[in-house]
Amino acid sequence: MVDVSEKKITLRTATAQAIVVLPPEILATAERGEIFSKKGPVIATAIIAGVMAAKKTGDLIPFCHPLGLEKCDFSTDLNFETGELTLECTTGLHGKTGVEMEALTAVSVAALTVYDMCKAVSKGIVIREIRLLKKTGGKSDFAV
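Reading the values: the criteria
- For every chain, the first residue of the written sequence is number 1, and numbering continues from 1 along that sequence.
- Restriction of local features to residues with pLDDT of at least 70 applies here, the model being predicted, together with a cutoff of 80 or more for giving and counting side-chain atom pairs; totals for whole chains, interfaces and linings are based on all residues.
- Hydrogens and waters are ignored; side-chain quantities use all the structure's heavy atoms.
- In this description a helix means any DSSP run of H or I spanning at least four residues, a strand means any run of E spanning at least two, and both kinds are numbered starting from the N terminus.
- Our radius of gyration is a C-alpha quantity, and the globule rule it is checked against amounts to 2.2 Å times the number of residues to the power 0.38.
- A simple rule labels every residue: compare its accessible area, found with a 1.4 Å probe on the protein chains alone, to the largest value its type can have, and call it buried under 20%, exposed over 50%, or partly exposed in between.
- Residues count as neighbours in contact if any of their non-hydrogen atoms are within 4.5 Å of one another.
- When DSSP locates at least two bridges between a pair of strands, those strands are taken to pair.
- In this description, a line fitted to the C-alpha atoms serves as the axis of each element, helices being fitted only across the stretch in contact, and the angle between N-to-C directions of two axes falls anywhere from 0 to 180 degrees.
- What makes a salt bridge here is a side-chain nitrogen of Lys or Arg within 4 Å of a carboxyl oxygen of Asp or Glu, nothing more.
- Expected span, for any helix, means 1.5 Å times one less than how many residues it has.
- Relevant arc is that of directions from the helix axis to the C-beta atoms, nothing else.

Caption draft 1: Highlighting the overall build of the chain. Of regular secondary structure, the chain possesses four helices and eight strands. When the helices and strands of the chain are listed from N to C terminus, the series reads β-α-β-β-β-α-α-β-β-α-β-β. Radius of gyration (C-alpha) of the chain: 16 Å, near the 15 Å computed for a compact globule of 144 residues. Principal-axis analysis of the C-alpha atoms gives the chain an extent of 55 × 30 × 20 Å. When the 144 residues of the chain are sorted by exposure, 44% land in the buried category. Of the contacts formed within the chain by residues at least 6 apart in sequence, a portion of 70% connects residues at least 24 apart.

Have a look at this one:
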């Protein structure tokens, strides 16, 4: 791991995004902004999976520091015209190292959960554009 012992504690945040493109047969199962599969409510389950993954990032990715996240918030947008489900996660804490990997891990696992829960309906699901949108705190800030 990188030695962060000499770094100052600052507020660090990161926002990441994943886009999941859903075929029409999956969109046809949606009601009131939620997709339903035999396994249950897809978007709600994906959010839970994403939060759980963010909390376990240090266990999943070698050399990532284990962090006690203070914030892990999801937002979703289901666009019926494009067939895109946009998943965004913002993570944050007061610490010596950034939370980008936690946000990226959260949206990645949330997107994989959508795939897993919907694959019985269609294998034509595409996960794309997993990316960091914004980072604050530490040496430098970043925004797309």
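That covers the picture; the talk isn't over yet.
Caption draft 2: Broad picture of the sheet that holds strand β7 (residues 126–136). The strand order across the open sheet formed by five strands is β5-β6-β1-β7-β8, and the pairing between neighbours is antiparallel. Looking along the sheet, the strands with just one partner apiece sit at the ends: β5 (71–79) and β8 (142–143). Here β5 runs beside strand β6 (residues 84–95); their pairing, made up of nine bridges, is antiparallel. Paired with Asp73 across the strands is Thr90, a residue of β6. Sheet contacts for helix α4 (residues 100–118): β1 (10–21), β5, β6 and β7; angle to β1, the most-contacted strand, approximately 25 degrees.

Caption draft 3: The arrangement of the pattern of salt bridges in detail. Taken as a whole, this structure holds seven salt bridges when the rule is applied. Notably, a salt bridge pairs Glu31 with Arg32, separated by 3.6 Å at the nearest N-O pair. By relative accessible area, which is 78% here, Arg32 ends up exposed. Notably, a salt bridge pairs Asp59 with Lys56, separated by 3.8 Å at the nearest N-O pair. Take Asp59: its relative accessible area is 61%, and that puts it in the exposed class. Taking the relative accessible area as the measure of exposure, Lys56 reaches 47% and is therefore partly exposed.

Caption draft 4: Here's a closer look at the environment of Ala143. Within the secondary structure, Ala143 is located in strand β8. As a C-alpha pair, Ala143 and Gly83 span 60 residues in sequence and 26 Å in three-dimensional space. The contacts of Ala143, once residues within four sequence positions are left out, are Leu133 and Lys134.

Caption draft 5: Geometry of helix α2 (residues 42–55). Between its terminal C-alpha atoms α2 stretches 20 Å, which fits the 20 Å expected from 14 residues at 1.5 Å a residue. Inspection of α2 places Val42, Ile43, Ala46, Ala49, Gly50, Ala53 and Ala54 among the buried residues, and these make up the whole buried set. Along α2, the residues classed as buried sweep out an arc of 135 degrees about the axis, all on the same side. Facing away from the buried side of α2, by more than 90 degrees, are the exposed residues Ile48, Met52 and Lys55. On the buried face of α2, the contacting elements are β3 (34–37), β4 (40–41), α3 (57–60), β5, β6 and α4.

Caption draft 6: Main features of α4. In a regular helix each residue adds 1.5 Å, so 19 residues correspond to 27 Å; α4 covers 27 Å between its end C-alpha atoms and thus fits that length. Among the residues of α4, Glu102, Ala103, Leu104, Thr105, Ala106, Val107, Ala110, Ala111, Thr113, Val114, Met117 and Cys118 are the ones counted as buried.

Caption draft 7: Representation of unusual backbone geometry. For Arg32, which is not glycine, the phi torsion reads 50 degrees and is therefore positive. Turning to its location among the elements, Arg32 is positioned in the loop between β2 (30–31) and β3. If you check the backbone angles, Glu129 has positive phi at about 55 degrees while not being a glycine. For Glu129, the position within the fold is in strand β7. Judged by its relative accessible area of 38%, Glu129 falls in the partly exposed class.

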